[in-house]
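For reference, the chains in residue letters:
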Amino acid sequence: MKTKLFYRSNRQHLSAMFNEIDWNNTPKEKDEVTVRTPVNIAVIKYWGKRDEKLNLPLHSSLSVNLSMDSMYTETSARKSKDTVFCINGKIEVPTKRFDRLINKIRADHPESNVDITTHNTFPTAAGLASSASGYAALACALKLLYPTSGNVSELARLGSGSACRSTAGGFVLWEKGVEEGGKDSVSRQLYSEDHWPELRILVCVVCKDEKAVPSTAGMQSTVQTSSLMKHRVLHVQQRIEQITEAIRLRDFPKFGEITMRDSNEMHAVCLDTYPPIAYLNDTSHQIIRSVHEYNSEKGEVRAAYTFDAGPNAVLFCEEKDLFEIRDRIKSKFCGEGGRVSELVECKIGCGPMLRASS
Ligand SMILES: Nc1ncnc2c1ncn2[C@@H]1O[C@H](COP(=O)(O)OP(=O)(O)OP(=O)(O)O)[C@@H](O)[C@H]1O
Ligand SMILES: C[C@@](O)(CCOP(=O)(O)OP(=O)(O)O)CC(=O)O
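Residues numbered from 1 in each chain as written. Chains lettered and ligands numbered in written order. Predicted model: local features only at pLDDT ≥ 70, side-chain atom pairs only at ≥ 80, totals over all residues. Heavy atoms only, no water.

Inspection of the secondary structure assignment puts Lys49 in strand S5 (residues 49-51). Put simply, Lys49 is tucked away with no salt bridge, and the nearest opposite charge, on Glu52, sits 6.5 Å away. In terms of polar contacts, Lys49 uses its side chain to reach the side chain of Asn55, at 2.7 Å. Those residues in contact with Lys49, other than ones at most four positions away along the chain, are Asn55, Leu56, Pro57, Leu58, Thr216, Met219 and Val223. (Helix = DSSP H or I, 4+ residues; strand = E, 2+ residues; numbered from the N terminus. Buried < 20%, exposed > 50% of the residue type's maximum accessible area, 1.4 Å probe, protein only. Lys, Arg positive; Asp, Glu negative; His and termini not counted. Salt bridge = Lys/Arg side-chain N within 4 Å of Asp/Glu carboxyl O. Polar contact = N/O pair within 3.5 Å; in protein donor to acceptor, adjacent residues only side chain to side chain. Contact = heavy atoms within 4.5 Å.)

Let's shift gears to the sheet that holds strand S4 (residues 40-44). The four strands lie next to each other as S4-S7-S12-S13, forming an open sheet whose pairing is antiparallel. Of all the strands in the sheet, the pair left with one neighbour each is S4 and strand S13 (187-191). Each adjacent strand pair in this sheet contributes to an overall mean axis angle of 35°, direction not counted. Relative to strand S12 (residues 171-174), strand S7 (residues 61-65) is paired through four bridges, and the arrangement is antiparallel. Within S12, the residue paired with Val64 across the bridge is Phe171. (Pairing = 2+ DSSP bridges. Axes fitted to C-alpha atoms, helices over the stretch in contact; angles between N-to-C directions.)

Looking at the element boundaries, Ala356 is found in the segment after strand S18 (353-355). Taking the C-alpha atoms as reference points, Ala356 and Asn19, separated by 337 residues in sequence, lie 6.3 Å from one another. Each residue touching Ala356, except ones within four places of it in the same chain, is listed here: Met17, Phe18 and Asn19.

Read these as geometric descriptors, not functional statements.
Here's what the structure looks like:
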C-alpha cells in the first residue's frame, strides 16, 4: 500500500513554477499555456439537473478544493491548425462535452483550433472528480488562449457541472441560478484556502476502476424516478446556509455532521432511483461505521466522510486528530490484503494555476 503524505501548502510548493490565475486582472492573450487545476470535493453534493445541455443544476452545491501536492490535472494547450486532444497519453476523439467548450470559444473566435495534452495525477472516471479538475483545466486554458467575455466557471460548467467549482480556490459555492441561459449559474469563492488552515482531507482509494454508472446518467435517472429527490431539492439551500456558517466559525463538529448527512442523503437518493444505483461497496460502509465509532468514542464529531459517485471515501478532520484517524484507517483497511489501496493526505487548496513561463 502506498501512503502519500504531504504537509507543505500547495501555494508554497508550486510558487516557483506556477502562479494562481487572477481573472479579475484579465490575463493577456497567449499562444501556449500550461495550467494546473485542483480536484474539488463537494460537501453539499450536486445531483440532478434542470438543463442537461448547459449542466444547470436543480440546486446549489458547495465544495472544497484539495491542495495540489499530489492530486491535480495538468493541461497544456497551444493554438494550432487542427484540434487534437491527448488525455493521459492517448489521442482521443474530442467528446461532445469538449465540443461544447470549444464551440463556445468559436462563437467569438471562429477559426480557433487547439492542440491539447492533459493528464490527471490520479485515476480518471473513478469517482475522484477527474471531470471536475479536467474540464476546469480545459476552460482555463481555452480562456487564456482565446479571451472571451463571461465567467470562466460558466465555460467549465459546460464540460461538467462540478468543474465550475474547480475554477476558484478554497471553499466554493456554485449557485444554481435561475436564468434559462445559465449566466447566473456560476461558482464563487466563499473563503480562501487560508481560512481554516487546520482542516485536513484524507482520500481513501478503495477502487480505481471506472464506475459502472457515470454521474451524468445516474443523476438523469434519479431526476426521472426518485421521489426522495423532490424532498432533497426542498431543503438543500437551508443546509448550504448552515454549513457556510459552520465554515465561517470553523466549527468542525457542525461542518462534519452536515457533510456526512449530505453524502448519506445523496446516496439514499441514488438507492431510491429506479432501478437503484449503488455506488458504495462493503468497504465504504465499513469506513462509515468506523468514523461513527471514532466519533462516539470522542463524544463529538471529530472525523467526517463524504462519497462521490463511487466507493472511495474522502475523510475530513482537523490536524490534531489526523494521526489517530490515519492510523485507525491504516490498521483496519490497509496493509496485506487491505481494501484501501492508497491514502492521499491534503490540505485545502487554492484555485487554478498558470505555469510562469507560459
Ligand atoms: N484531464 C481531463 N481533461 C479533459 N477531460 C477529462 C479529463 N479527465 C477526465 N475527463 C473527462 O471526464 C470523464 C470522467 O467523468 P466522470 O464524471 O465519469 O468521472 P469522475 O469525474 O472521475 O467522477 P465523479 O464526478 O463522480 O467524482 C472522462 O471520461 C473524460 O471524458
Ligand atoms: C457525485 C458528484 O461528484 C457528482 C458530480 O457530477 P458531474 O459534475 O461529474 O456531472 P456532470 O455535470 O453530468 O458532468 C457530486 C458533486 O461533485 O457535487
